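# Overview (structure and organization)
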2 protein chains.
Amino acid sequence: MPLEKIDQLAREWLEEAGNRIFMSLEQSNIEVDTKADRNDLVTNVDKATERYFADKIAEHFPNHRLLGEEGYGEEITSLEGVVWVLDPIDGTVNFVEQKRNFAISLGIYKEGIGELAYIYDIIAGEFYFAKRGEGAFVNDEPIPALAPDKKLENALVIINTAAMRKFPQTLEVIRNARGLRLYGAATLEYMAVATGRADAYISANLSPWDIGAGKIIAEEVGAIVTRANGNPMVVTEKGDSFVASPGVHAEILRDYF
Amino acid sequence: MPLEKIDQLAREWLEEAGNRIFMSLEQSNIEVDTKADRNDLVTNVDKATERYFADKIAEHFPNHRLLGEEGYGEEITSLEGVVWVLDPIDGTVNFVEQKRNFAISLGIYKEGIGELAYIYDIIAGEFYFAKRGEGAFVNDEPIPALAPDKKLENALVIINTAAMRKFPQTLEVIRNARGLRLYGAATLEYMAVATGRADAYISANLSPWDIGAGKIIAEEVGAIVTRANGNPMVVTEKGDSFVASPGVHAEILRDYF
């Protein structure tokens, strides 16, 4: 199966899914439920969006597998074959409370290698895309490679409160940085680093669907993506996440971890 | 001088200033300097924008005074007469690092009373406006009144790191809230509360130009604006700031301060 066909259909489905999500906001047609804890939200729109992709993938690519947040895919522990890694709505709290600052995230892996990635910030109208080895784009404009030698003292950092608790040394990172930002959607925080709007993002606990697309896009522009301790990140495993431009990644790892 | 004339010219100047700021970003024509400390940035664009307003106000309203961040206005300790309270670029770090998430902020006070307020998020294309007693608007759409009875456990809060240090009890507020957000521009954080995208915003140290417009707009939709301890806020004085929807403001004040 050539990637071109996958890419073409993925874009069609993302556009259709984006339209449906937008309409659900317009019509205030959102039912909220909780999952693991009272701040772990899911809505009928998250579920319908994942179901939409699950049906489309099954119809067009019966041999592909889906690894999705809402469980319409399969139990997946390896990335054999072609796997679609989907978060139908990343930033569900923002979706519910802010009606902005959320995204559809889709990464497509082939034999464990990230080949295609899409993050669609529907309300901002920003469509991030990368194809392995061919760079990253937002709305078809190339995203420039990250500066290799930025210093923490000039860096904006994104470090969520769970990461502050899990890694107390991040409080010192924050003190020595130019500022702290928090947007509440992991994929868009990855994109903040990928576009240079922030220089580092540390999170305590991300799932495959949070990082499946962001990792591919960020690496295409030269960001370093690891676990907090610098170990390689395996997309199928949950865990902490540390993405940054090269100089800031090296400085934080060397001086704080 | 009728407010209608002031309003008309203020809008013209904001549009022109917004175009100039946008062009300076397009042309990468930005020179950065530091003020009080290495993260207190100012650019040639901040200064040119304030100078533009200073000249326009002097030409059209020679009796009005300007209270502006960059010092092209006057030393002002009272709000007698008509005072234009201006931040030419609120969120200068974002302006420099992100090229988004900053705003022009303008509040117009007459004998100490906030009459007109404008916050212009140029890149998002969001123009916030309020006229005392007549409600608040974004791009001419009325902003709905805030829910009076929201609870902290369902609230997104914005509490910057300086406020966390100055008021350690805010760490408990964060733990009991639905989530923490940080955008790095006080006026836009005020607007996040005014539009319900966040429910409380606590900052350790804001200046008149940070709050001059935001306070007027937030109060028009029913937000409560005080110092952190609940005391009234005098716009001409620097200090901490606490803006929230009514229920969340009361709960935080009662249970944490």
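How each quantity is defined
Every chain is numbered on its own, with residues counted from 1 as its sequence reads. Lettering of chains starts at A and numbering of ligands starts at 1, both following the order in which they are written. Local features in this predicted model are restricted to residues whose pLDDT is 70 or higher, and side-chain atom pairs enter the listing and the counts only when it is 80 or higher, whereas totals over whole chains, interfaces and linings include all residues. Just so you know, side-chain values use all the structure's heavy atoms and leave hydrogens and water out. The secondary structure listing takes helices from DSSP runs of H or I that are at least 4 residues long and strands from runs of E that are at least 2 residues long, numbered from the N terminus. Radius of gyration: C-alpha atoms only; globule rule: 2.2 Å multiplied by the number of residues to the exponent 0.38. Exposure categories follow from relative accessible area, calculated using a 1.4 Å probe and restricted to protein chains: below 20% of the type maximum is buried, above 50% is exposed, and the middle band is partly exposed. With residues, only the protein chains shown are counted as cover, and all accessible areas are computed by Shrake-Rupley using a 1.4 Å probe. Under the convention used here, Asp and Glu are negative, Lys and Arg are positive, and both His and the chain ends fall outside the count. Where a charge sits is defined by one atom per residue type, namely NZ (Lys), CZ (Arg), CG (Asp) or CD (Glu). By this definition, two strands are paired if DSSP reports at least two bridges between them. Contacts were defined at the residue level, with two residues in contact if any of their heavy atoms lie within 4.5 Å. With axes taken as lines fitted to C-alpha atoms, and helix axes fitted only over the stretch in contact, angles between N-to-C directions fall between 0 and 180 degrees. Buried area counts how much accessible surface, traced with a 1.4 Å probe, disappears from two parts once they are put together, with both parts' losses summed. The working definition used for a salt bridge is a side-chain nitrogen of Lys or Arg within 4 Å of a carboxyl oxygen of Asp or Glu. Any N or O atom pair separated by 3.5 Å or less is treated as a polar contact, with the protein-specific requirement of one donor-capable and one acceptor-capable atom, and with residues adjacent in sequence counted only for side-chain atom pairs. A least-squares fit on C-alpha atoms brings the copies together, and the residues used are those whose pLDDT is at least 70 in both copies.

### Examining the overall build of chain A
When helices and strands are tallied, chain A shows eight helices and 14 strands. Since a compact globule built from 257 residues should have a radius of gyration of about 18 Å, the 17 Å found for chain A is in line with a globular shape. For chain A, the C-alpha atoms occupy an extent of roughly 50 × 40 × 35 Å along the three principal directions. Relative to its full complement of 257 residues, chain A shows a buried share of 58%. A total of about 10400 Å² of accessible surface is found on chain A, and carbon and sulfur atoms cover 46% of it. Between the mean site of the 26 positive side-chain charges and the mean site of the 41 negative ones, chain A shows a separation of 3 Å.

### Details of the sheet that holds strand β14 (residues 239-244) of chain A
Strand-to-strand pairing in sheets goes through backbone hydrogen bonds, with the strands running parallel or antiparallel. Residue and element names in this part refer to chain A. Taken together, five strands build an open sheet; the order of strands is β11-β10-β12-β14-β13 and the sheet is mixed. Of all the strands in the sheet, just β11 (179-180) and β13 (224-226) have a single pairing partner and so form its edges. Across three bridges, strand β10 (residues 156-159) lies against strand β12 (residues 200-206) in parallel orientation. Its bridge partner lying in β12, Ile 158 is registered against Tyr 201. Where helix α5 (residues 169-176) meets the sheet, its contacts fall on β10, β11 and β12, and the angle it forms with β10 comes to roughly 155°.

### Comments concerning the interface of chain A and chain B
Counting from both sides, the interface comprises 29 residues of chain A and, opposite them, 29 residues of chain B. When chain A packs against chain B, close to 2600 Å² is buried across both sides, 42% of that on carbon and sulfur atoms. Inspection of the region where chain A meets chain B yields six salt bridges. Here chain A and chain B share 21 residue pairs in polar contact (both at pLDDT 80 or more) between them.

### Description of the relation of the copies chain A and chain B
Mapping chain A onto chain B calls for a rotation angle of 180° and an axial translation of 0.0 Å; the resulting RMSD is 0.0 Å. Here the copies are linked by what is in effect a two-fold axis. The C-alpha atom lying nearest the rotation axis in chain A is that of A:Leu182; the distance is 2.3 Å. Looking at the interface residues of chain A, 100% of them are also at the interface in chain B, so both copies use one shared face.

### With respect to the pairing of strand β3 (residues 65-68) of chain A
All names here are of chain A. Burial along β3 is two-sided: the face carrying Arg 65 and Leu 67 and the face carrying Leu 66 and Gly 68 are both buried. By the bridge criterion, four bridges tie β3 to strand β4 (residues 82-90) in an arrangement that is parallel. Bridge pairing in β4 places Leu 67 opposite Val 85.

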